[in-house]
Each structure stands twice: as structure tokens, then as C-alpha cells.
Amino acid sequence: MKNKEKIKKLVISCLVAAILLIVAFTVKMPGSSDGSKEAGNRAKKVVDADIVIPVSEVTDNVKFYPAEINGIELEALAVRASDGSIRTAFNTCQVCYSSGRGYYEQEGDYLICQNCGNRFALDEVEITRGGCNPVPITDEYKTVTDDKIIISKDFLEQATVIFRNWK
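Criteria and thresholds
Residues numbered from 1 in each chain as written. Predicted model: local features only at pLDDT ≥ 70, side-chain atom pairs only at ≥ 80, totals over all residues. Heavy atoms only, no water. Helix = DSSP H or I, 4+ residues; strand = E, 2+ residues; numbered from the N terminus. Buried < 20%, exposed > 50% of the residue type's maximum accessible area, 1.4 Å probe, protein only. Contact = heavy atoms within 4.5 Å. Areas by Shrake-Rupley, 256 points an atom, 1.4 Å probe, with all protein chains shown as cover. Phe/Tyr/Trp six-rings, centres within 6.5 Å; stacked < 30°, edge-to-face > 60°. Lys NZ or Arg CZ within 6 Å of the ring centre and 35° of its normal. Salt bridge = Lys/Arg side-chain N within 4 Å of Asp/Glu carboxyl O. pLDDT = per-residue confidence, 0-100. Core = buried A, V, L, I, M, F, W, Y, C linked by side-chain atoms within 4.5 Å.

**A word on the overall build of the protein**
Right, on to step 1. Secondary structure summary: the protein contains two helices and eleven strands in total.
Right, on to step 2. Tracing the protein from N to C terminus, the helices and strands come up as α-β-β-β-β-β-β-β-β-β-β-β-α.
Right, on to step 3. Looking at the protein residue by residue over its 167 residues, the buried ones come to 38%.
Right, on to step 4. Counting contacts in the protein only where the partners sit at least 6 residues apart, residues at least 24 apart contribute 47% of the total.
Right, on to step 5. In the form shown here, the protein has an accessible surface area of approximately 9600 Å², with 55% of it arising from carbon and sulfur atoms.

Structure representation (C-alpha cells):
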């Protein structure tokens, strides 16, 4: 009788542990819509198309714009800087991109590289180049109107090389 109780407790413990692991991996996966990047700060993913960013939805909270181009997942981000200008960049680090974990999450007025931990001021998005910073999407690579910013599919195709290892 004691052996049956021990086996029953062991089976229940294993089931609980398996459920906890499943929940932990589901919640923390960087690419998941309800994982470390908040779902409210992510636009709907576009597939083999331009990324269109409505100016009206850009605030001082970073918004992520996912895309899938020729089967490769990538992401742009947009944020309103303290001077009121809208800044755009790819959500990958100029140094850490090849690690697959060189993407950013916002903490206050900073973006934090999830590979090396570098803190990058939101006001520097699209301005600072080189080093452990988001890859800028400058004016020559986007079309800006009063109500939207368009990052062309052609330009996104060129950028897929920096997202090949992205996780």
C-alpha cells in the first residue's frame, strides 16, 4: 500500500513540474505575443509586405512592428523621443544580432539589449550608430507622411540578413 501512495505522489509531482515548465516557457519566449514583449506594444505581423506605422499610435512607449519576409522573422520599432520626433530602428543590436538574442525590451526611458544588457536611451534611437545599439532606420529608408511611416518590403528584404539567427 505504501508503494502505491509513493508512486501516486511521484506521478502527481512530475505532472505539476511538467505543467510549471510548460507555463514558464510559454510566458518567457521572446517571440511569443504574450511573452517578454507585451502584447499591447506589438502590432499585427505583416507577411511579405511593407510595415506601415500609423503616426497616431507612436508614443514614448516603444511599439514593435513584426514582419515575416521570405520566411524570416524580423521586427522594427518606433518610439516618440522627448523632443517629439518619431524614431525608428530594427529591433536588433548592431553588435549582438548574430547571437539571435540581440533584441531590445523597454525599461523606463531605456531599451535593454537582451543579449549583453546594454542600456540604450530612447532619445538615441535612430541617432546613434555603431556599438551595441538598435540598427537605425533613417529617413532614406522609409517614407514619412503626416499620418504614417512606411518601411518598404524591399528594404525589409535587405535587412533579413541581420535577423537570420533571431530567436
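On we go.
**What about the packing of aromatic side chains?**
Right, on to step 1. According to the stated counting rule, one finds five aromatic pairs in the structure shown.
Right, on to step 2. For the ring pair tyrosine 141 and phenylalanine 155, a centre distance of 4.5 Å and an interplane angle of 15° mean the geometry is stacked. Residue tyrosine 141 is found in the loop between β9 (134-136) and β10 (143-144), and its partner phenylalanine 155 is found in helix α2 (residues 153-159); the two are separated by 14 residues along the sequence.
Right, on to step 3. Residue classification places tyrosine 141 among the partly exposed positions, given a relative accessible area of 38%.
Right, on to step 4. Seen from their ring centres, phenylalanine 163 and tryptophan 166 are 5.3 Å apart, and the 90° between their planes marks the pair as edge-to-face. For the residue pair phenylalanine 163 and tryptophan 166, the accessibility class agrees, reading buried in each case.
Right, on to step 5. One residue, arginine 119, lies across the ring of tyrosine 110, its end atom 4.4 Å from the ring centre.

**A look at the pattern of salt bridges**
Right, on to step 1. Under the criterion given, the structure shown has eight salt bridges.
Right, on to step 2. Here arginine 87 makes a salt bridge to aspartate 83, at a shortest N to O gap of 3.2 Å.
Right, on to step 3. The class for aspartate 83 is exposed, based on a relative accessible area of 55%.
Right, on to step 4. Among the ionic pairs, lysine 142 bridges to glutamate 126, the shortest N-O distance being 2.8 Å.

**Here's the deal with the confidence of the model for the protein**
Right, on to step 1. Per-residue confidence for the protein averages 82 on the pLDDT scale, and 76% of its residues sit at or above 70.
Right, on to step 2. Scored below 50 in pLDDT, residues 13-37 makes 28 contacts in the model with residues more than four places away or belonging to other chains.

**Section: the nonpolar core**
Right, on to step 1. Residues Ile51, Ile53, Tyr65, Phe90 and Ile151 are the most contacted members of the largest nonpolar core, which totals 25 residues.
Right, on to step 2. Residue assignment for this core shows that the elements contributing at least two residues are β2 (51-54), β3 (63-69), β4 (72-80), β5 (86-93), β11 (148-151) and α2.
Right, on to step 3. Looking at this core element by element, the count peaks at four residues for β4.
Right, on to step 4. Apart from residues lying up to four places away in sequence, isoleucine 51 is in contact with Val46, Tyr65, Ala67, Ala76, Ile149, Ile150, Ile151 and Leu156.
Right, on to step 5. Core analysis: the second largest hydrophobic core is formed by 14 residues, Val79, Cys93, Leu111 and Leu122 among them.

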